[in-house]
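Observations on chain architecture
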Amino acid sequence: MSAASPRVSSRLPVFPWDRLEPYKATAAAHPDGIVDLSIGTPVDPVPELIRRALAGAADSPGYPTVWGTPELRDALTGWVERRLGARGVTHRNVLPVVGSKELVAWLPTQLGLGAGDRVAFPRLAYPTYEVGARLCGAEPVPYTDPTELDPAGLKLLWLNSPSNPTGEVLPAAELARIVAWARAHDVLVFSDECYLELGWEAEPVSVLHPDVCGGTHEGVVAVHSLSKRSNLAGYRAAFLAGDADVLGELLAVRKHGGMMTPAPVQAATVAALGDDTHVREQRERYAARRTALRTALEAHGFRIDHSEASLYLWSTRDEPCWDTVAHLAGLGILVAPGDFYGEAGARHVRVALTATDERVEAAVKRLA
């Protein structure tokens, strides 16, 4: 191994999911098999109209463009205005990306951040926000209330509503307060809204809604994904919407990096964003699983905190999270320990709704 090889990986935390392997083995030994509620990966079929669009674009021998086809940009702008309530959205306000995780991990690098810069994200959060800061050598800064941060050197502020892992939804007034603070201090806001279609006890609102951004996209960008709403995690279909200057800079960088969404996936995205029926049907599946799992967990002695949106139940027995993981693994149920998402999650576990109806029913029986 050359002297240069370990430098970048040494900045990064241990990949958290590796620590779960012994508990996965325990759960897998259950006579009726494992019920894996640890990772929020879709298990239901890709809707037929999306598969038809993908197949119809399969004969795509040429290179796709980083910015996407005009048809894709039309679909993105139309959806952002129709679904998010944003106004004045043009092609310059949208940019397809190769799945949202890639974007989160490499955004600080693509923005030119590095040593001396700071990247802030919620104290309980998707681990890749911190990874993105560390990859470029910036300082990762977890927060409880971002407006209490020292803005010196703060270049990027991540919001996440609905939250992964907690399912908490920030109301429009709170988002507007944060956006106003960030603009006053020249801090760029990226809002991860990948679970926006999955509000249960609250109606999530986008940072691009006029009630939040005041009708201008300056300094704000929303991140959206089709992985959860359309079961397209395997397609790596996601996009950005917001500040045209920021997206123009990212487009220029990503062109050089060859970060192109495959042409068949672009066509599938157009089909997915043009249809609401499959989204409603998938929501109904998740709602039924959520009700069944929540009822069973509470009867088993759990308390569910937040969880008003997203694909998870943020659950606790008021004990160290790894004790809870071990307890459930003994029942053949695998969940994610809360400390994967920050020290503040050390007494919770994240229970995903992404299992088949048959496996959810198995979990319910075991919890009883």
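Thresholds applied
- Counting starts from 1 at the beginning of each chain's written sequence and moves along it residue by residue.
- It should be noted that, the model being predicted, local features are given only for residues of pLDDT at least 70 and side-chain atom pairs only at 80 or more, the latter also being counted only at that level, while totals for whole chains, interfaces and linings use all residues.
- Each side-chain value is derived from all of the structure's non-hydrogen atoms; neither hydrogens nor water enter the calculation.
- Here a helix means four or more residues in a row that DSSP labels H or I, a strand means two or more in a row labelled E, and each is numbered from the N terminus.
- The contact definition used throughout considers only heavy atoms, calling two residues in contact when any of these lie within 4.5 Å.
- We treat two strands as partners when DSSP finds at least two bridges between them.
- Think of each axis as a best-fit line through the C-alpha atoms, taken over the contacting stretch in the case of a helix, with angles from 0 to 180 degrees between the N-to-C directions.
- Residue exposure (1.4 Å probe, protein chains only): buried if accessible area is under 20% of the type maximum, exposed if over 50%, otherwise partly exposed.
- Viewed with both strands pointing away, a crossover whose connecting path from the first strand over the helix to the second turns clockwise is right-handed.
- Here, a salt bridge means any side-chain nitrogen of Lys or Arg that lies within 4 Å of a carboxyl oxygen of Asp or Glu.
- When two rings of Phe, Tyr or Trp (its six-membered ring) have centres within 6.5 Å they constitute a pair, described as stacked for plane angles under 30 degrees, edge-to-face for angles over 60, and tilted for the intermediate range.
- Criterion for a charge above a ring: Lys NZ or Arg CZ within 6 Å of the ring centre, and within 35 degrees of the ring normal.

Turning next to the environment of Ala133. For Ala133, the location among the structural elements is in helix 5 (residues 128-136). Spatially, the C-alpha atom of Ala133 lies 30 Å from that of Arg83, the residues being 50 residues apart in sequence. If sequence neighbours within four positions are ignored, Ala133 has contacts with Pro108, Val119, Ala138, Glu139 and Pro140.

Here the focus is the sheet that holds strand 8 (residues 238-242). Reading across from one edge, 2-8-7-6-5-3-4 is the order of the seven strands in this open sheet, with mixed pairing throughout. Edge positions in the sheet fall to strand 2 (94-97) and strand 4 (139-143), since each has one partner strand and no second. On average, adjacent strands in this sheet sit at an angle of 20° to one another, irrespective of strand direction. Relative to strand 8, strand 7 (residues 220-225) runs antiparallel, the two being bridged by five bridges. If you follow Ser225 over to strand 8, its bridge partner there is Ala238. Lying over the sheet, helix 8 (residues 244-257) contacts strand 2, strand 6 (188-192), strand 7 and strand 8, oriented at roughly 40° with respect to strand 2.

So, on to the pairing of strand 3 (residues 118-122). Walk down a regular strand and you will see the side chains alternate between the two sheet faces. Counting buried residues in strand 3 gives five out of five residues, a clear majority hidden from the surface. Taken together, the five bridges between strand 3 and strand 4 define a ladder with parallel strand orientation. Within strand 4, the residue paired with Val119 across the bridge is Pro140. Between the parallel pair strand 3 and strand 4, the chain is carried across by helix 5, and the sense of this crossover is right-handed. Pairing between strand 3 and strand 5 (residues 154-160): three bridges, direction parallel. Across the sheet, residue Arg118 finds its bridge partner in strand 5, namely Leu154.

The final tally for this structure, using the stated rule, is 25 salt bridges. With a closest N to O distance of 3.9 Å, Arg83 and Glu203 form a salt bridge. Of the two residues, Arg83 is situated in helix 3 (residues 70-84) and Glu203 in the loop between strand 6 and helix 7 (210-213); the sequence distance between them amounts to 120 residues. Where salt bridges share partners, they join Asp32, Glu358, Arg359 and Arg366 into one cluster.

Moving on, we get to the packing of aromatic side chains. Evaluation of the coordinates by the stated rule reveals nine aromatic pairs. Judged by centre distance (5.7 Å) and plane angle (85°), the rings of Trp79 and Phe239 are edge-to-face. You can see Trp79 sitting in helix 3 and its partner Phe239 sitting in strand 8, a full 160 residues away along the chain. With centroids separated by 6.4 Å and ring planes inclined at 55°, the aromatic side chains of Phe340 and Tyr341 adopt a geometry described as tilted. Here the two residues Phe340 and Tyr341 agree in accessibility, since each one is buried. Cluster of aromatic residues (ring-pair linked, three or more members): Trp17, Tyr23, Trp322, Phe340 and Tyr341. Sitting over the face of the ring of Trp67, Arg73 holds its NZ or CZ atom 3.9 Å from the ring centroid. In this structure, Arg350 packs its charged tip against the face of Tyr312, placed 3.8 Å from the ring centre.

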